[in-house]
Amino acid sequence: MSFLLNLKSIPIRTFWITSISFFMCFFAWFGIVPFMPDVVRDLGLTPDQKWNSIILAVSGTVFARLLIGKLCDKYGPRLCYTWLLTLGAIPVVLCGLVQTPTQFLICRLFIGFIGASFVITQVHTSLMFASNIVGTANATSAGWGNLGGGANRLGMPIIAAGVVAFGVADSQAWRYSMVVAGVICFLMGIVYFFFTQDTPQGNLKELKASGDFVEAKKDQVSFSTILKDYRVWILFLIYGVSFGIELTVYGTMDDYLQNTFQLKRVTAGNIVLSFALMNIFARTLGGFFGDRFGKLKGLRGRVLFLSFILTVQGIMLLTFSVSTNIIMGFVFLILFSLSVQMAEGATFSVVPFINKKAIGSVSGIVGAGGNVGAFSAALLLKSKSAVAEKAAIVASKGLSDDAIHAAQAVASSSAVSQGYFIIGIVVVITAAISLTIKFSKEDEVLANESSNELQENLA
């Protein structure tokens, strides 16, 4: 693995810059989360406005991911990432300057656009590495992004503590922290422009002009052609039940652990954070095994492993949902975390081979599936929990506040448990559907030819 330190190699240098950029995008995207209590007090947000800000942040990402994939095919990942980082930094900075709830909601919507960085990251690593290692490269770089989404729970409070040390009021520290995160994103955009290039052979603009590089012509594939490929939509669904479910489960897990196992909020929060940090190696494992199975069984092997790890993910979530013992629940939650992140990595060990001439468009659609899955699962859990809690309040009418709160907790725990069980079944069904993904003999030949380019790309 010493070759990963060879920063003179264009693919390796690009790998690290895109991974760090992706980390910062997710860090900034969810950077406001640790400060939401302060934001609510400072801006006077209502509960509806608070939830709407979360929905807007996710919704903006769906459309951005669909758009950015096609732009990558046309203009190359280097320019797309440069513009996304520099322009995306603006709403991050402005979020620290807002004075009204409406301004905050608008900023949250546009901050969500930097979530499209995932697509550019996957496109860039797909173009930089040969087929026998592209799954590992994609999964590892993607893991850095998810790591950023968890690391901000530690990093943003540290930044806030730093600005408070310079005399800033504690209640205003969240504003300065967002400004700092935005400035770092902007600086990464400058670094991206000057220190990366689209492919090992050069930038797409020059390659198109010379006509020497086949990938330079991939924008000739119409978007409608990609939309008609059933495999793209199966992968869209797969990423929805892997990355989408991970977002939703971890977004609801704090309360579930407290209500089900009577854990303290700090303990539950630390457990969830530790699982988010697993992304740095778990997604890599998914991509690594995708590559290994690809070497043994060809492109079909990648699909077989993806189906297997999805099945494991579904079974782990099903088992966790019915666990009443904290030790057993904790074990199955760890196994769920490991398998869901491996499934994400395995998904993008398959994506680069769907259509070599439109990697960006395919990545954009599949990436958007993750956010659609998160949105759908969140609606399911929220609807079941809301109905159960309202019924518990009515049944507990006349009792003490503590008794009503306890009844709500039990009702919420039961409803979310049922929701997790339903989601687990959907994941297992999706694992079976994934087996319908097929590749032609021509696809297999192209994949083998790409494998032979590895040593040249790393030189």
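Residues numbered from 1 in each chain as written. Predicted model: local features only at pLDDT ≥ 70, side-chain atom pairs only at ≥ 80, totals over all residues. Heavy atoms only, no water.

**Student:** For this particular structure, what's the right way to read the overall build of the protein?
**Tutor:** A tally of helices and strands in the protein yields 18 helices and zero strands. Computed over the C-alpha atoms, the radius of gyration of the protein is 22 Å, within 12% of the 23 Å expected from 2.2 N^0.38 for a compact globule of 459 residues. Referenced to the eigenvectors of the C-alpha coordinate spread, the extents of the protein come out at roughly 75 × 50 × 40 Å. The buried share of the protein, taken over its 459 residues, is 55%. Summed over its atoms, the accessible surface of the protein is roughly 19500 Å², and 69% of this surface lies on carbon and sulfur atoms. Both charge centroids of the protein, one from 33 positive and one from 25 negative side chains, sit 2 Å from each other. (Helix = DSSP H or I, 4+ residues; strand = E, 2+ residues; numbered from the N terminus. Rg over C-alpha atoms; globule rule 2.2 N^0.38 Å. Buried < 20%, exposed > 50% of the residue type's maximum accessible area, 1.4 Å probe, protein only. Areas by Shrake-Rupley, 256 points an atom, 1.4 Å probe, with all protein chains shown as cover. Lys, Arg positive; Asp, Glu negative; His and termini not counted. Charge placed at Lys NZ, Arg CZ, Asp CG, Glu CD.)

**Student:** Please explain the side chain of Arg 108 as it appears in this structure.
**Tutor:** Tracing the backbone shows Arg 108 in helix α5 (residues 101-111). No salt bridge is formed by the buried Arg 108. Its closest oppositely charged neighbour is Asp 38, at 14 Å. With near-sequence residues (within four places) excluded, Arg 108 lies in contact with Trp 29, Ile 32, Ser 53, Ile 54, Leu 56 and Ala 57. (Salt bridge = Lys/Arg side-chain N within 4 Å of Asp/Glu carboxyl O. Contact = heavy atoms within 4.5 Å.)

**Student:** Is there a simple way to explain the confidence of the model for the protein in this structure?
**Tutor:** Low-pLDDT portions of the prediction should not be read for the details of their coordinates. In this model, the protein carries an average pLDDT of 86, and 93% of its residues clear a pLDDT of 70 or more. Here helix α18 (residues 454-458) is the element of the protein with the lowest mean pLDDT, 46, and helix α4 (residues 77-95) is the one with the highest, 96. Counting interchain partners and residues more than four positions distant, the pLDDT-below-50 stretch residues 454-459 has 15 contacts. (pLDDT = per-residue confidence, 0-100.)

**Student:** For this particular structure, what's the right way to read the environment of Leu 310?
**Tutor:** When you line up the elements, Leu 310 lands in helix α13 (residues 279-321). Note on Leu 310: relative accessible area 0%, which makes it buried. Taking the C-alpha atoms as reference points, Leu 310 and Thr 430, 120 residues apart in sequence, are found 7.7 Å from one another. Excluding its chain neighbours within four sequence positions, the residues that come into contact with Leu 310 are Ile 238, Val 241, Ala 343, Val 427, Ala 431 and Ser 434.

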